[in-house]
Each structure stands twice: as structure tokens, then as C-alpha cells.
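Observations on the model geometry
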Amino acid sequence: MIGASLEILSPMAWGVCLGLLWTFGFPDQADGGDFQGSTHLIEFERNPIRYSTSSSETAVDRLSRQWSEEGHSLAYHSGSGYLEGLLEALDIAPASQVLVFAKSSAQRDLISPRNPRAIYFNDEVYVGFIPGAPLLELTAADARLGTVFYTMEQRRQKLPRFERTSQCLECHAASRTMGVPGHLFRSFSVDDQGFVDFTALGDQMTHRLPFAERFGGWYVSGDPVVEQGHGRWLADSDELDFDPGAFPGEGSDVVAMMVLGHQVHFHNYVTRLNFEARIALRQYGHTRYLRAQIEAFLRYLLFVDEAPFPSPISGSSAFSESFGKRAKPDSQGRSLRDFDLEDRLFKYRCSYLIGGEPFEGLETSVRRQVCRRLQQILEKESAPPPFDHLDGVERRAIHRILSETRPGVVALWAQN
Ligand code: HEC
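These notes cover the structure that comes with them. Everything numeric in this text was worked out from a predicted model, so none of it was measured.

**Things to note about the pairing of strand E3 (residues 125-129)**
Among the five residues of E3, five are classified as buried, and the element is accordingly described as predominantly covered. Taking every second residue as pointing to the same face, both faces of E3 are buried, with Val-125, Val-127 and Phe-129 on one and Tyr-126 and Gly-128 on the other. Pairing geometry for strand E2 (residues 117-121) and E3, over four bridges, is antiparallel. Considered in E3, the bridge of Ala-118 is made with Phe-129. Here E2 folds back onto E3 in antiparallel fashion, the turn holding three residues. Relative to strand E4 (residues 135-142), E3 runs antiparallel, the two sharing four bridges. Bridge pairing in E4 links Val-127 to Leu-138. Where E3 hands over to E4, the hairpin turn is made up of five residues, of which Gly-132 adopts a positive phi near 85°.

Below is the structure:
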């Protein structure tokens, strides 16, 4: 399947070598432990997954259906094409903008420090935009298939439409994405033109990656603490290498980057667990062999291995505001989206993505095991290691927030 997709790709000059390096070239230290190092590619084109031939149901598919039924009213701008209209239609805040200048992705010939690639995201959809590029690139969460990929042409058309494609899997299905079609968000070692040194840095920037290894190949704006990573800090707009007016958002917010980093790996994790569960059910009729993986998922869900902040961080208020809009506060006004930013990302360390659409798509027996174990961790007199980074106060707060705002999670708890 990968061979076939490369043939189609060749007119677009997407790199074969790069794709192979992506798949085989790097040791996967940070993510290896999640599945005991076993993040080999799952055979997702075969039964029971049948990734490319199964129909998807994502926010992008829903928008597409709505356009074909009601017509579309997407505005077109000469610089950014359909981007802004699309972000609005998908309910993605321009303030989620992060900018990468590494020549690391599909349309990389067009990416450089003078013309970075922007990524925008909400909880379910991610959009990639490069000024002057022929395609917008999108990824969206599907409950059964995990990440689904789309492109949208940026030339003005009567009926702009999304094209679902599996061509992206050349890079987006590899050990770094946990062996399933998934998201990428990596720190690179780059030269001053944006060319990537594939023998150096290259880990996914999850909340676990030490700060000193983060942000390579990315612009970063926010508190100067980020200078401790490899990013280029946007301090003064007079000195920018690129035209900020080419993008609807401002800068490349450090907090947005950290949220994105947590989120991409969470989504990949859920997809991997889901595929493993569906395959196990078909093979053995149960999911009992997945206990260790479920325990490891809980470590991620509860931020066990989060890298400590070198010092407090502050990002843009526009991003915090738009991120907070989706908060579901409990009766005391507390939410899983509350930031800490003193020595860690979130105040209450249980992912805000719990109970969201991709999580709810997790195969039921696995979801039940996750929710029950979570209940145990939160309700025990003292938290069992490695979850003892959560003290009683934080565990009680998380318990209350979940009880009041995540009915799907609590419904699977054991009745006391
Ligand atoms: C040559 C490798 C490569 C190919 C091919 C590729 N990507 Fe990516 N993609 C990346 C990398 C690397 C990142 C991480 C951000 C960056 O470095 O630009 C990424 C990030 C993304 C993101 C933001 C985060 C995420 O993973 O959701 C989107 C959206 C995206 N790509 C869409 C696509 C789509 C759609 C296609 C196919 C049309 C595609 N990509 C093909 C390498 C690739």
C-alpha cells in the first residue's frame, strides 16, 4: 500500500527517502515504553480495521455533508485562500496558531524561515497552512479509524471540497505515531534555511519531552523560558524573518505548542489502543492482554512523566481564552482546562480530552478498564505509585470535576 501511494505521490515530489527515514530511521525512546517498545505498524488495512476502505465520520466529513446539502459560503482571500473561512467553519481559533520553519512535511519545498508553515487545531481537527502552497492539509479524529487525512485545494473554485487521502501515511503512520495513522509534532535539528538533520533530534514534543530538547525547527512566542529549548523565540516583531500578516493568528504561542504536544500523542494513543482492542477481540474474544498498555495509557492521561518546567511560563491570552471556551467547569468553577504554568502545564492533571469524542470512540471494554482504574486511583486512601505525584487534594478535585462534567466516564465506574 505504501509503494502504491508513493507512485501517486511522485508528481508532488514528496520524498521517498524521507518517508523511509521517518519510518525506520530513528530510535523511539520517548514513546517506546508506552507499548513496551512495540510500536510496529499495525496492519490497519486488513480486517478488522480496513482503514482506507472504511468510511469516516469526522467533523470534516460533517462539514462536507453540510456544504453539499446547503451550499457553502466560504470566503476566499487572495493571500490565505480558504484558510480563515475554514477555521471558522470548523470552530478552530486562529489563536491556536503555531509556526514551524523546518522543511519537514509534505509541501516542504515551500517552507522556510521566511515562509513558515502554520498549524491550527481544536480538540478534534488540525489544519496545516503554508502561504502560497497549493493545498491546505487537514487531519481529523474519527471514533473508529483514528486520524483521517484530507487536503483541500487552495485555488478559487465553485465548490471547494475536501479530498480524503491515505497518501499522507508515508510519514503519518510510523513508530512515532505509535504504528497507526496519526499525528506528528516533532522537534528537529535544522540549519538556518530550515533543512532538517535527520541524524539528530527528532522526538515527538509530548508533555514528557525535556524542555532542552523541545521546539527545534519552530518559532516560539511567549515567555523567554523557551530559549532553553531549540526554538527561535519571537521577541520583537521588527526582527521577524517572515511576514506575520500572511497568517490569521499572532506568533507561535508557547502554551498552544505545549497543549498541541499533549494532544497529538493522546490521540495517537487512543487510536493505537482502539486498534489493538479491535484486533484482540477478533482474535481472542477479549482484551485482557492489554492490561499493561492500559496502565501505561493512564500514566499519560494523568501526566505521570511530565517534564518539569524550568521556570514559570506565560503564553498569549488569546490562546488561553479560546482554549478555555470549551471548558466544562464543575460547581466550584474548576475545569480540566485550567492552566497551572508555574511548574507544570495543567492545574488538575487528568487530560481534558477524557470524555471527548475520540476517547468515547475507544472500544468499550478498554474504555471501561481505563475508567475503573482511574476511579480506583482517585478514590484510594493514598495514590498507588506511579500515580502518587497526585496528592489527595488534586485527586479529590479531579474526581469532583469528572463526576460533574464527564457523564460518559462516570457511567463506567463501579458502583460503590
Ligand atoms: C514528508 C513527511 C510528511 C508527509 C508526506 C505528510 N506530513 Fe503532515 N506532518 C509531517 C510532520 C513532520 C509534521 C509535524 C509538523 C511539521 O514538522 O511540519 C506534520 C504535521 C501535520 C499536521 C499537524 C499535526 C497533525 O499531525 O495533525 C497536519 C494537519 C498534517 N501534517 C497533515 C498532513 C496531510 C493531510 C498530509 C497528506 C496530504 C501530510 N500531512 C503528509 C510530515 C509529513
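**Looking at the packing of aromatic side chains**
Tallied over the full model, the rule gives 23 aromatic pairs. Centroid distance Phe-101 to Tyr-219: 4.8 Å. Interplanar angle 55°. Geometry classified as tilted. In this pair, Phe-101 sits in the loop between strand E1 (98-100) and E2 while Tyr-219 sits in strand E7 (residues 219-220), placing the two residues 118 residues apart along the sequence. On the accessibility criterion, Phe-101 (1% relative accessible area) is buried.

**Observations regarding the sheet that holds E2**
Read from one edge of the open sheet, six strands run E1-E2-E3-E4-E5-E6, paired in antiparallel fashion. Both edges of this open sheet fall to E1 and strand E6 (162-164), since each of them pairs with a single strand only. Taken over all neighbouring pairs, the strand axes of this sheet differ in orientation by 25° on average, direction set aside. Sitting on the sheet, helix H4 (residues 59-70) is in contact with E3, E4, strand E5 (146-153) and E6, with an inclination near 135° to E6. In this fold helix H7 (residues 254-284) packs onto E1, E2, E3 and E5, with an angle of close to 65° to the strand it touches most, E2.

**As for unusual backbone geometry**
Of note, the bond from Asn-47 into Pro-48 is cis; its omega dihedral lies within 30 degrees of zero at 0°. Of note, the bond from Pro-385 into Pro-386 is cis; its omega dihedral lies within 30 degrees of zero at 5°. Examined against the element boundaries, Pro-386 turns out to sit in the loop between helix H11 (364-379) and helix H12 (392-405). With phi around 45°, Arg-50 is a residue other than glycine that occupies positive phi space. Relative to the assigned elements, Arg-50 resides in the loop between helix H3 (29-32) and H4. For Arg-50, a relative accessible area of 37% gives the class partly exposed.

**Looking at the coordination of the iron atom of the ligand**
Of the protein atoms, His-172 (NE2) alone serves as a donor to the iron atom of the ligand, at 2.1 Å. Mapped onto the secondary structure, His-172 falls in helix H6 (residues 169-172).

**Here's the deal with the pattern of salt bridges**
Applying the stated rule across the entire model yields 21 salt bridges. Residue Arg-176 is joined to Asp-203 by a salt bridge in which the shortest nitrogen-to-oxygen separation is 3.2 Å. Here Arg-176 is found in the loop between H6 and E7, whereas its partner Asp-203 is found in the loop between H6 and E7, with 27 residues between them in sequence. Note on Arg-176: relative accessible area 2%, which makes it buried. Accessibility expressed as a relative area gives 15% for Asp-203, which makes it buried. Note that Arg-334 and Asp-330 form a salt bridge whose closest N and O atoms lie 3.1 Å from each other. As far as the burial class goes, Arg-334 and Asp-330 line up, both buried. What emerges from the salt-bridge pattern is a single network uniting Asp-91, Asp-123, Glu-124, Arg-326 and Arg-337.

**Regarding the side chain of Ser-351**
Checked against the element boundaries, Ser-351 lands in the loop between helix H9 (317-324) and helix H10 (357-360). For Ser-351, the side chain forms a polar contact with the side chain of His-262, separated by 2.7 Å. What Ser-351 contacts, discounting residues up to four positions off in sequence, is His-262, Phe-266, Leu-301, Phe-303 and Leu-336.

**A look at the site of the ligand**
Around the ligand sit 23 residues, and of these Ser-104, Thr-139, Cys-168, Cys-171 and His-172 come closest. Residue Ser-104 places a side-chain N or O atom 2.6 Å away from an oxygen atom belonging to the ligand. A distance of 2.7 Å separates an oxygen atom of the ligand from a polar side-chain atom of His-183. Elements represented by at least two residues in the shell around the ligand include exactly helix H2 (16-24), E2, E4, E5 and H6. Per-element tally for the shell around the ligand: the top contributor is E4, with three residues. Across the shell around the ligand, the residue classes tally to 14 nonpolar, six polar and three charged.

What counts and how
- Residues numbered from 1 in each chain as written.
- Predicted model: local features only at pLDDT ≥ 70, side-chain atom pairs only at ≥ 80, totals over all residues.
- Heavy atoms only, no water.
- Buried < 20%, exposed > 50% of the residue type's maximum accessible area, 1.4 Å probe, protein only.
- Helix = DSSP H or I, 4+ residues; strand = E, 2+ residues; numbered from the N terminus.
- Pairing = 2+ DSSP bridges.
- Phe/Tyr/Trp six-rings, centres within 6.5 Å; stacked < 30°, edge-to-face > 60°.
- Axes fitted to C-alpha atoms, helices over the stretch in contact; angles between N-to-C directions.
- Contact = heavy atoms within 4.5 Å.
- Donors = N, O, S within 2.8 Å, 3.2 Å for Na, K, Ca; no water.
- Salt bridge = Lys/Arg side-chain N within 4 Å of Asp/Glu carboxyl O.
- Polar contact = N/O pair within 3.5 Å; in protein donor to acceptor, adjacent residues only side chain to side chain.
- Near = heavy atom within 4 Å.
- Nonpolar A, V, L, I, M, F, W, Y, C, P; charged D, E, K, R; others polar.

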